[in-house]
Amino acid sequence: MKKILITGGAGYIGSHTAVVMAEAGLTPIILDDLSNSSESVIDRLEEIMGYKPIFYKGDCNDSSILNQIGKEHQLAGVIHFAAFKAVGESTQEPLKYYQNNLGSLMVLLDFMKKEGIQDLVFSSSCTVYGQPDVLPVTETTPRKDAESPYGNTKKVCEDILVDYVKSKAGVRVISLRYFNPVGAHPSAKIGELPNGIPNNLVPFVTQTAAGLRNKLTVFGNDYDTSDGSCVRDFIHVMDLADAHVKALNYLGGQSANFYDVFNVGTGHGNTVLEVVETFEKVNQITLNYEIGPKRPGDVVKIWADTKKINQILGWFPKYSLEDSLRDSWNWQKTLN
Ligand SMILES: NC(=O)c1ccc[n+]([C@@H]2O[C@H](COP(=O)([O-])OP(=O)(O)OC[C@H]3O[C@@H](n4cnc5c(N)ncnc54)[C@H](O)[C@@H]3O)[C@@H](O)[C@H]2O)c1
């Protein structure tokens, strides 16, 4: 069984990826400093996977913990999720974001070189496209100036990877540009654990439904979209997790010094109001929401062109928006 290091593997996307990896016959080795997650996730993973995944509590910027992992395990590859991701906080504390998100990638690349580990899948984001001029966005759609330090860390990390591969360091790398991850494991044993007031729509929806938030505000209803609210491409986290396994498999067949980038979305957009309506319908709940003013800097509409990942990685999403919103709600109910 190939061992794969998952940095940030106790987090939202990383924990689901550990499950899908284990199902695919890979052994996840999790490194997480628990700065935005909890050790209880590891116990939950044991309940789902049937065995406790190997877990190291530590910071990915700390080469000594990486060296220890390298000594104790023969790693076949790395998936690098570990990063800070709160857009708003990144504008208040940009250095914290640059230090962690850029720093951890560079420490990791050094470690990989020392250990002779070739393969890396990196968590990037559709935020690198900003508000694209043409929809849907393909991987060749030009990237725009980032709207936040967080967004910029994703752009710069991609650039670091491109330069590193060009330097003939021998690695094989894929950056996956995630659209909007939603949903939870169908068992409702793991899911998204937002810290404080959620930044993302769906956790805000589920917390409002649970009575933890008084009201959901839909920011703007007169944009140039079908119902005036913003459009996003919502991808079930289990489908997203599966894309990482497909990416790793694909890397295994490439020659050294390989870099590529793939969108991971469903290929179609839904408006914020459609999410609200679908959530209400699928879960038989009436949501308390209001229309509020537009937020400056919000991308109006974005969704992925997924032809590249469909054709090259053979990846297709299996879950619907209904599935996502049902699973998110089932997960939320376990948190009350
Ligand atoms: N969730 C999204 O909407 C989204 C969208 C696009 C890209 N991404 C990217 O995907 C990745 C995973 O996102 P997520 O939603 O699972 O976030 P998350 O916060 O749930 O998971 C990240 C995990 O990394 C850990 N971590 C952070 N810094 C670390 C460090 N230096 N060393 C060790 N562990 C560290 C945190 O404790 C957390 O468990 C991130 O890189 C994020 O930027 C997320």
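Residues numbered from 1 in each chain as written. Predicted model: local features only at pLDDT ≥ 70, side-chain atom pairs only at ≥ 80, totals over all residues.

1. Section: the nonpolar core
Then, in step 1: With 90 residues, the main nonpolar core has Ile-4, Val-78, Ala-247 and Val-264 as its most contacted residues.
Then, in step 2: Looking at which element gives the most residues to this core, the answer is helix 8 (residues 237-252), with ten residues.
Then, in step 3: If we skip the residues at most four places from it in the chain, Ala-247 touches Val-121, Ile-174, Leu-176 and Leu-313. (Core = buried A, V, L, I, M, F, W, Y, C linked by C-beta atoms within 7 Å. Buried ≥ 20, exposed ≤ 12 C-beta atoms within 10 Å, placed from the backbone. Helix = DSSP H or I, 4+ residues; strand = E, 2+ residues; numbered from the N terminus. Contact = placed C-beta atoms within 7 Å.)

2. Points about the site of the ligand
Then, in step 1: In the vicinity of the ligand lie 29 residues, with Gly-8, Gly-11, Ser-37, Ala-83 and Ser-125 positioned nearest.
Then, in step 2: Counting only elements with at least two residues in the shell around the ligand, the list comes to helix 1 (12-23), strand 2 (27-32), helix 5 (94-115) and strand 5 (119-125).
Then, in step 3: In terms of residue count, helix 1 provides more of the shell around the ligand than any other element does, three residues in total.
Then, in step 4: Looking at the shell around the ligand residue by residue, the classes come out as twelve nonpolar, 13 polar and four charged. (Near = placed C-beta within 6 Å. Nonpolar A, V, L, I, M, F, W, Y, C, P; charged D, E, K, R; others polar.)

3. Some details on helix 7 (residues 201-209)
Because each turn of an α-helix spans 3.6 residues, side chains separated by three or four positions end up pointing in the same direction.
Then, in step 1: Burial analysis of helix 7 places seven of its nine residues in the buried class, which makes it a mostly covered element.
Then, in step 2: On its buried face, helix 7 is in contact with strand 7 (180-182), strand 8 (216-219), helix 9 (272-283) and helix 11 (321-335).
Then, in step 3: Phi turns positive, to about 85°, at Gly-211, one or two residues after helix 7.

4. What about the pairing of strand 6 (residues 172-178)?
Then, in step 1: Summarising burial for strand 6: seven of the seven residues are buried, a large majority.
Then, in step 2: Burial along strand 6 is two-sided: the face carrying Arg-172, Ile-174, Leu-176 and Tyr-178 and the face carrying Val-173, Ser-175 and Arg-177 are both buried.
Then, in step 3: Summarising the sheet, strand 5 and strand 6 pair through seven bridges and their orientation is parallel. Bridge pairing in strand 6 links Ser-125 to Tyr-178.
Then, in step 4: In the classification by handedness, the crossover that spans strand 5, the intervening helix 6 (residues 149-166) and the parallel strand 6 is right-handed.
Then, in step 5: As defined by bridge partners, strand 6 adjoins strand 11 (residues 258-264) across seven bridges and the pair is classed as parallel. Its bridge partner being in strand 11, Tyr-178 is matched across the sheet by Val-264. (Pairing = 2+ DSSP bridges. Right-handed = clockwise from strand over helix to strand, strands pointing away.)

5. Quick notes on the pairing of strand 1 (residues 3-7)
Then, in step 1: Across the five residues of strand 1, four count as buried, placing the element largely inside the fold.
Then, in step 2: As defined by bridge partners, strand 1 adjoins strand 2 across five bridges and the pair is classed as parallel. Of the residues in strand 2, the one forming a bridge with Lys-3 is Thr-27.
Then, in step 3: With helix 1 bridging strand 1 and the parallel strand 2, this β-α-β connection has right-handed handedness.
Then, in step 4: Bridge count between strand 1 and strand 4 (residues 75-80): five bridges; the pairing is parallel. Within strand 4, the position partnered with Ile-4 by the bridge is Gly-77.

6. Re the sheet that holds strand 1
Pairing between the strands of a sheet comes from backbone hydrogen bonds, and it takes one of two forms, parallel or antiparallel.
Then, in step 1: Taking strand neighbours across the sheet as the criterion, the seven strands line up as 3-2-1-4-5-6-11 in an open arrangement whose pairing is parallel. With one partner strand each, in any of the chains shown, strand 3 (54-57) and strand 11 form the two edges of the open sheet. Pairs of neighbouring strands in the sheet enclose a mean axial angle of 20°, with direction left out of account.
Then, in step 2: Lying on the sheet, helix 5 is in contact with strand 1, strand 4 and strand 5; it crosses strand 4 at an angle near 175°.
Then, in step 3: Contacts between helix 8 and the sheet are confined to strand 1, strand 4, strand 5, strand 6 and strand 11, with strand 6 contributing the most and set at about 160° to the helix. (Axes fitted to C-alpha atoms, helices over the stretch in contact; angles between N-to-C directions.)

7. Topic: unusual backbone geometry
Then, in step 1: Of note, the bond from Leu-135 into Pro-136 is cis; its omega dihedral lies within 30 degrees of zero at -5°.
Then, in step 2: Position of Pro-136 relative to the elements: it lies in the loop between strand 5 and helix 6.
Then, in step 3: With phi around 60°, Leu-34 is a residue other than glycine that occupies positive phi space.
Then, in step 4: Within the secondary structure layout, Leu-34 lies in the loop between strand 2 and helix 2 (40-49).
Then, in step 5: Take Leu-34: there are 16 C-beta atoms within 10 Å of it, and that puts it in the partly exposed class.
Then, in step 6: Even without a glycine there, the phi angle at Lys-168 is positive, about 60°.
Then, in step 7: Mapped onto the elements of the fold, Lys-168 is located in the loop between helix 6 and strand 6.

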